[in-house]
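Here is what each chain is made of, one letter per residue.
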Amino acid sequence: MRIINALLAVAMMLATLASCGSGKKPETPRILILYYSQTATTRTVAEAFAAKLQADIEAVVPEVPYDGSYQETIQRGREELQESKFPALKPLAADLAAYDVIFLGYPIWFGTYANPIATLIEENDFSGKKIVPFCSFGSGGLESSAKNLADRLPESEILPGYGVRAARIDAAPAEVERFLKAGGFLSGETDPLPEFPASHPVSEEEAAIFDAAVGDYPMINASAATVSSRPVPEGMEYRFTAIDRPRESSAQQAQREITVYVLASEGEVPVFTRVVRP
Ligand SMILES: Cc1cc2nc3c(=O)[nH]c(=O)nc-3n(C[C@H](O)[C@H](O)[C@H](O)COP(=O)(O)O)c2cc1C
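Conventions and cut-offs
- The residue numbering used here restarts from 1 in each chain and proceeds along that chain's sequence as written.
- Confidence filtering applies because this is a predicted model: local features only for residues at pLDDT of at least 70, side-chain atom pairs given and counted only at 80 or more, and all residues used for totals across whole chains, interfaces and linings.
- Hydrogens are left out, water is left out, and the side-chain values use all remaining heavy atoms of the structure.
- Using a grid of 1 Å spacing that covers the protein atoms alone, one calls a set of points a cavity when a 1.4 Å probe fits there but cannot get out, and a pocket when the set is open and has protein on both sides within 12 Å along at least five of seven lines; lining residues are those with an atom within 4 Å of a point.
- Grid points are joined across faces, edges and corners, and a volume is the space filled by probe spheres set on the points.
- Labels follow the DSSP assignment, with helices taken as runs of H or I lasting at least four residues and strands as runs of E lasting at least two, numbered in each case from the N terminus.
- Gly is placed with the polar residues, together with every amino acid not listed as nonpolar (Ala, Val, Leu, Ile, Met, Phe, Trp, Tyr, Cys and Pro) or charged (Asp, Glu, Lys and Arg).
- A simple rule labels every residue: compare its accessible area, found with a 1.4 Å probe on the protein chains alone, to the largest value its type can have, and call it buried under 20%, exposed over 50%, or partly exposed in between.
- Being near a molecule or strand, for a residue, comes down to having at least one heavy atom within 4 Å of it.
- Counted as a polar contact is a pair of N or O atoms within 3.5 Å, where, for protein atoms, one must be capable of donating a hydrogen and the other of accepting one, and residues adjacent in sequence contribute only when both atoms are in side chains.
- Throughout, the Shrake-Rupley method with a 1.4 Å probe supplies accessible areas, and for residues the shown protein chains are the sole cover considered.
- Pairing between two strands is assigned when DSSP locates at least 2 bridges connecting them.
- Think of pLDDT as the predictor's per-residue confidence, scored from 0 to 100.
- The contact rule is simple, with two residues in contact once any of their heavy atoms fall within 4.5 Å.
- We define a salt bridge as a contact between a side-chain nitrogen of Lys or Arg and a carboxyl oxygen of Asp or Glu at a distance within 4 Å.
- The axes used here are C-alpha line fits, helices contributing only the stretch in contact, and every angle between their N-to-C directions lies in the interval 0 to 180 degrees.

### Regarding the layout of surface pockets
Okay, step 1: Reported here for the largest pocket is a volume of approximately 1,300 Å³.
Okay, step 2: Tyr-70, Ile-108, Phe-110, Gly-111 and Met-219 are the residues nearest the centre of the largest pocket, which is lined by 43 residues in total.
Okay, step 3: Elements supplying a minimum of two residues to the lining of the largest pocket: helix H2 (41-53), helix H3 (70-83), strand E3 (101-109), strand E5 (130-137), helix H5 (142-152) and strand E12 (271-276).
Okay, step 4: A total of five residues in the lining of the largest pocket trace back to one element, the largest contributor, which is H3.
Okay, step 5: Tallied by class, the residues present in the lining of the largest pocket amount to 18 nonpolar, 18 polar and seven charged.
Okay, step 6: Reported here for the second largest pocket is a volume of approximately 950 Å³.
Okay, step 7: Lining the second largest pocket are 28 residues, with Tyr-162, Phe-179, Leu-193, Arg-230 and Arg-274 positioned closest to its centre.

What follows is the structure in C-alpha cells.
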C-alpha cells in the first residue's frame, strides 16, 4: 500500500511539474471585439482588430438609432448627457462571461466614449475583464475616455488603448497590427519606439510643421510652444505643447495648454494624429 501511495505521489508531482513547466502552452485569452459606431469609422477599426485576432465581434445597437445628421446627433447626444439619460440598447448576442479580454470600441463624443457605451457599461458586468479601449475621433479623446472607463469600471483592468483620427482611418490597419504586437496579442517582432527626449521651445521650422498639421482644423486655434521629436517607422513624430485659445463659436471659456502629436513623413504634408486636452 505504501509503495502504491509513494508511486501515486510521484505521479502527481510529475503531472504538476509538467503543467507548470515550460512545456505547457499559455492559455489563449478569449477575446471579444465589442463596439459602437454611428458612421462606420470605428467599425473599420473594430473589423481590423477582429480580422487580425480572428476574434468574435459584435456591434452595440441602440434601440433608437442615431441616424440623423451630425447636428441632430450632437443635439440628441448633448440632451442625453445633460439629463444623464442614455439610450436603451438591443440585447447583446454575446455572453460577456465567456470572454477574458474585451476590446471596447467607440467614437469620441463630447470628449469621451459615445453615449451608447455609457448604457453598455452600466447594464453589463465587465468585472474581472481586461478591457482594451479603442476609438476614432475628430481630434482626440482616447486618454480621457480611457480614464472615464477606469473610473466607471473599477473592477476591470483597463489596458493601453488605440485611437485614430477619422481623417487618418487609412492608417488604421498597419497601426492596429503594430499595436497588437506591442501588446502581446499578436506574435511577431515590433521595434519599440524610442522615448521622446526632453522638450525645447519650438524653432521657426518646428512651428511651421505644427501650423501645417493643424492649420485648417476648425477645433484647434493654437500656437506651438514646446516640442520634442522621435523617429518612427513612417518618418518623424513630434509632440508639441501648444496654447489653445477659445474661439467665439466654441464652448471653451479660457485658453488652455494642449498636447498635439504630429506625424511628418517624407514628401507629405505633416498631419496631426491626436490631441490630448487637459
Ligand atoms: C455627437 C458627436 C460628438 C463628437 N464629439 C467629438 C469630440 O469631442 N472630439 C472629437 O475629437 N471628435 C468628436 N466627434 C467626432 C467623432 O468622434 C468622429 O467623427 C468619429 O470618427 C465617428 O466615429 P463613427 O463613424 O464610428 O461613428 C463627435 C461626433 C459626434 C457625432
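Moving on, there is more to tell.
### Notes on the environment of Glu-122
Okay, step 1: Looking at where Glu-122 falls in the secondary structure, it is placed in helix H4 (residues 115-123).
Okay, step 2: Exposure remark for Glu-122: the relative accessible area of 57% places this residue in the exposed category.
Okay, step 3: Along the backbone, Glu-122 and Leu-153 are 31 residues apart, and their C-alpha atoms lie at a distance of 9.1 Å.

### Here's the deal with the site of the ligand
Okay, step 1: Close to the ligand lie 20 residues; Ser-37, Thr-39, Thr-42, Ile-108 and Ser-139 are nearest.
Okay, step 2: The backbone of Ile-108 places a nitrogen or oxygen atom 2.6 Å from an oxygen atom of the ligand.
Okay, step 3: One of the backbone nitrogen or oxygen atoms of Gly-138 is found 3.0 Å away from a nitrogen atom of the ligand.
Okay, step 4: In isolation the ligand offers 650 Å² of accessible surface; the protein chains occlude 86% of this area.
Okay, step 5: Elements that contribute at least two residues to the shell around the ligand include exactly H2, H3, E3 and E5.
Okay, step 6: The class makeup of the residues in the shell around the ligand is nine nonpolar, 11 polar and no charged.

### Considerations on the pairing of strand E7 (residues 162-165)
Remark: a regular strand shows side chains that alternate across the two faces of the sheet.
Okay, step 1: Covered by surrounding structure in E7 are Tyr-162 and Val-164 together with Gly-163 and Arg-165, the residues of both alternating faces.
Okay, step 2: In the sheet, E5 pairs with E7 via four bridges, with the strands oriented parallel. Bridging across to E7, Phe-137 finds its partner in Arg-165.

### A closer look at unusual backbone geometry
Okay, step 1: Of note in the backbone geometry, Ala-40 takes a positive phi value of approximately 80 degrees without being a glycine.
Okay, step 2: Mapping Ala-40 onto the fold places it in the loop between strand E1 (31-35) and H2.
Okay, step 3: A relative accessible area of 26% means that Ala-40 is categorised as partly exposed.

### With respect to the confidence of the model for the protein chain
Okay, step 1: Residue-level pLDDT values for the protein chain average 90, and 89% of them are 70 or greater.
Okay, step 2: When the criterion is pLDDT under 50, residues 7-23 qualifies, and its contacts beyond four places in sequence or with other chains add up to two contacts.

### Here we look at the pattern of salt bridges
Okay, step 1: Counting across every chain of the model gives 12 salt bridges.
Okay, step 2: Two residues, Glu-47 and Arg-43, come together in a salt bridge whose shortest N-O distance is 3.7 Å. Note that Glu-47 and Arg-43 are positioned in helix H2 at a spacing of four residues, about one turn of the helix.
Okay, step 3: Judged by relative accessible area, which is 40%, Arg-43 ranks as partly exposed.
Okay, step 4: Between Arg-168 and Glu-175 there is a salt bridge whose closest N-O contact spans 2.8 Å. For the residue pair Arg-168 and Glu-175, the accessibility class agrees, reading buried in each case.
Okay, step 5: What you see here is one network of salt bridges that share partners, running through Lys-52, Glu-177 and Lys-181.

### Overview of the sheet that holds strand E9 (residues 222-232)
Okay, step 1: Strand order in this open sheet of five strands is E8-E9-E10-E11-E12, and the pairing throughout is antiparallel. Each having just a single partner strand, strand E8 (200-201) and E12 make up the two edges of the open sheet.
Okay, step 2: Contacts from helix H7 (residues 204-214) reach E8, E9, strand E10 (235-244), strand E11 (256-264) and E12, with the element oriented near 85 degrees to E10.

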